Amino acid sequence: MDMKTFGYLYYKARGYEQEAILREAELNEEEYYFFEKNLSSVLAEIEESRPQAEKIGADFIRLTRYIYERESDQAQNVARPDAVKVRAGELVSLPAIGKIEMPEMSLHKAIEQRRSLRKYSAQALSMDELSFLLWASSWARDFRSNERMEITLRNVPSAGARHPLETYVDVRNVEGINAGLYYYHPIKHCLVLLDASEAKAQQIFEGCMRQEMLKTAAVNFILSAVPYRTVWRYGQRGYRYLYLDAGHVGQNMHLAAEAIGGGACMIGAYLDEAMNEALGLDGMEEFVIYIASVGKKPAE
Ligand SMILES: Cc1cc2nc3c(=O)[nH]c(=O)nc-3n(C[C@H](O)[C@H](O)[C@H](O)COP(=O)(O)O)c2cc1C
């Protein structure tokens, strides 16, 4: 869904008048009337779901208590899901984990000085620094696979070692790597080019509601979740764990960014439809869950 469609639906569903919708969603009259003609069923669905949407949080917590649990797919011997969902494309090597120069900052200092950083210097990240950020947040230090179970183990914890998160890397300013959207392969520790176009970067910027930091960041990490990896083991309760797992990744990203003389800002304010579309995700089997902008600190 593009920003205009989203804007029309969002403001229309909130009861805005035509003039306000034109202004807020940046539409011309022709676009407005096109949406009026074609989106009435979508609006009807939003209206119909509203009572459910208004209490879904409380229902979610209530209905994912253990008391409602049934035997999981894993317990019923349903075929195990794969531990990673690799995307095809041109491979870009990264400095090997064993060879990267690890920054020296103490944990105490990294925690103490961590702040959300939304303005970055124009300085590029080195490939070692990008590798270090990925090591801290997403790299698979172990991969175990047999017929019954497949897991990765990483530098962040994950409920049941299910590691349902995938990492996409919107490279903006990294020495030796062309700008573009990449998938990070956590076992091979390399990038897979998905889209090098400036239009893709713009789509991501729009999807994050034009938050300026995405533009000056050296890298924007986009985390997605593959829920079935966790749901297979934990049923619907697994959805809780996706978000807890993402929090761990975010904090390691923050601390690792401090350690390289930079900073991070986590992003939860994004448009699901736009971000899923930008990454080619269906929004159900895989969906964007969290984003981190990272760059070097600006001069004081
Ligand atoms: C789940 C989550 C979502 C967030 N989303 C955004 C966001 O979309 N935009 C933003 O500027 N900051 C975002 N932040 C950063 C918070 O605003 C920030 O952590 C908070 O203001 C406290 O400041 P500090 O991190 O500097 O201590 C988010 C943080 C978290 C943990």
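Just so it is clear, the structure is predicted and the values come from calculations on it, not from any experiment.

(A) Just the overall build of the chain, in detail. For the chain, the count of helices and strands is twelve helices and nine strands. Expected size for 300 residues packed as a compact globule is a radius of gyration near 19 Å; at 21 Å, the chain falls within 12% of this value. For the chain, the spread of C-alpha atoms along the three principal axes comes to 60 × 55 × 40 Å. Here the chain holds 300 residues, and the buried ones make up 47% of them. Within the chain, residue pairs in contact and separated by at least 24 positions form 75% of the contacts whose partners lie at least 6 positions apart. Of the roughly 15700 Å² of accessible surface on the chain, 51% is carried by carbon and sulfur atoms. Averaged over its 35 positive side-chain charges, the chain has a centre that lies 6 Å from the centre of its 43 negative ones.

(B) Up close: unusual backbone geometry. In the Ramachandran plot, E26 falls in the positive-phi region, its phi being about 55 degrees despite a non-glycine side chain. Tracing the backbone shows E26 in the loop between α2 (18-24) and α3 (29-38). Residue class for E26 comes out partly exposed when judged on its relative accessible area of 45%. One non-glycine residue, N77, adopts positive backbone phi at about 60 degrees. Take N77: it is sitting in the loop between α5 (56-63) and β1 (91-93).

(C) A look at the layout of surface pockets. Put simply, the largest pocket is a space of about 930 Å³. Those elements that provide at least two residues to the lining of the largest pocket are α4 (40-53), α5, α11 (238-259), α12 (272-279) and β9 (287-296). Looking at which element gives the most residues to the lining of the largest pocket, the answer is α4, with five residues. Taken domain by domain, the lining of the largest pocket gets at least three of its residues from each of domain 1 (3-54) and domain 2 (83-296).

(D) Spatial organisation of the site of the ligand. Around the ligand, a shell composed of R114, R115, S116, R118, Q211, M213, C265, M266, I267, G268, A269 and Y290 is seen. Note that a nitrogen atom of the ligand is positioned 2.9 Å from one of the backbone N or O atoms of G268. Here the ligand loses 52% of its free accessible area of 620 Å² to cover by the protein chains. Ranked by residue count, the leading element in the shell around the ligand is strand β8 (residues 262-267), at three residues.

(E) Up close: the sheet that holds strand β7 (residues 219-225). Taken in spatial order, the seven strands line up as β1-β6-β5-β4-β7-β9-β8 in an open sheet, and their pairing is antiparallel. With partners counted over all chains shown, the strands left at the sheet margins are β1 and β8, one partner each. The sheet shows a mean angle of 30 degrees between the axes of neighbouring strands, taken without regard to direction. As paired elements, β1 and strand β6 (residues 190-195) share three bridges and run antiparallel to each other. For L91, the partnering residue across the bridge sits in β6 and is V192.

(F) Region of interest: the nonpolar core. Residues L130, L133, V169, I177, L191 and F221 are the most contacted members of the largest nonpolar core, which totals 30 residues. At the level of elements, α7 (127-137), β4 (165-171), β5 (180-185), β7, α11, β8 and β9 are the ones that each hand at least two residues to this core. The dominant element in this core, judged by the number of residues it contributes, is α7, at five residues. Residues within four places of L191 in sequence aside, it is in contact with E90, L91, V92, L94, L130, L134, V169, I177, Y182, Y183 and Y184. The next biggest cluster of nonpolar side chains, apart from the first, holds 23 residues, and it includes I204, C208, M275 and L279.

(G) Focus on the domain arrangement of the chain. By domain assignment, the chain separates into domain 1 (3-54) and domain 2 (83-296). One C-alpha centre belongs to domain 1, the other to domain 2; they are set 32 Å apart.

(H) How the structure looks around the pairing of β8. Burial of β8 is extensive: six of the six residues sit out of reach of the surface. Here β8 shows a buried face lined by G262, A264 and M266 and a second buried face lined by G263, C265 and I267. With six bridges joining them, β8 and β9 adopt antiparallel strand pairing. Note that in β9 the partner of M266 across the bridge is A292.

(I) Region of interest: the pairing of strand β3 (residues 150-154). The buried count for β3 comes to five of five residues, which makes it a mostly enclosed element. Of the two faces of β3, the one lined by E150, T152 and R154 and the one lined by I151 and L153 are each fully buried. Here strand β2 (residues 140-145) pairs with β3 via five bridges, running antiparallel. Looking at the pairing, D142 lines up with L153 of β3. The turn linking β2 back onto β3 is made up of four residues.

Cut-offs applied
Residues numbered from 1 in each chain as written. Predicted model: local features only at pLDDT ≥ 70, side-chain atom pairs only at ≥ 80, totals over all residues. Heavy atoms only, no water. Helix = DSSP H or I, 4+ residues; strand = E, 2+ residues; numbered from the N terminus. Rg over C-alpha atoms; globule rule 2.2 N^0.38 Å. Buried < 20%, exposed > 50% of the residue type's maximum accessible area, 1.4 Å probe, protein only. Contact = heavy atoms within 4.5 Å. Areas by Shrake-Rupley, 256 points an atom, 1.4 Å probe, with all protein chains shown as cover. Lys, Arg positive; Asp, Glu negative; His and termini not counted. Charge placed at Lys NZ, Arg CZ, Asp CG, Glu CD. 1 Å grid on protein atoms, 1.4 Å probe; cavity = no way out; pocket = protein on both sides within 12 Å on 5 of 7 lines; lining within 4 Å. Points joined across faces, edges and corners; volume = space filled by probe spheres on them. Domains from an automatic or database assignment. Near = heavy atom within 4 Å. Polar contact = N/O pair within 3.5 Å; in protein donor to acceptor, adjacent residues only side chain to side chain. Pairing = 2+ DSSP bridges. Axes fitted to C-alpha atoms, helices over the stretch in contact; angles between N-to-C directions. Core = buried A, V, L, I, M, F, W, Y, C linked by side-chain atoms within 4.5 Å.

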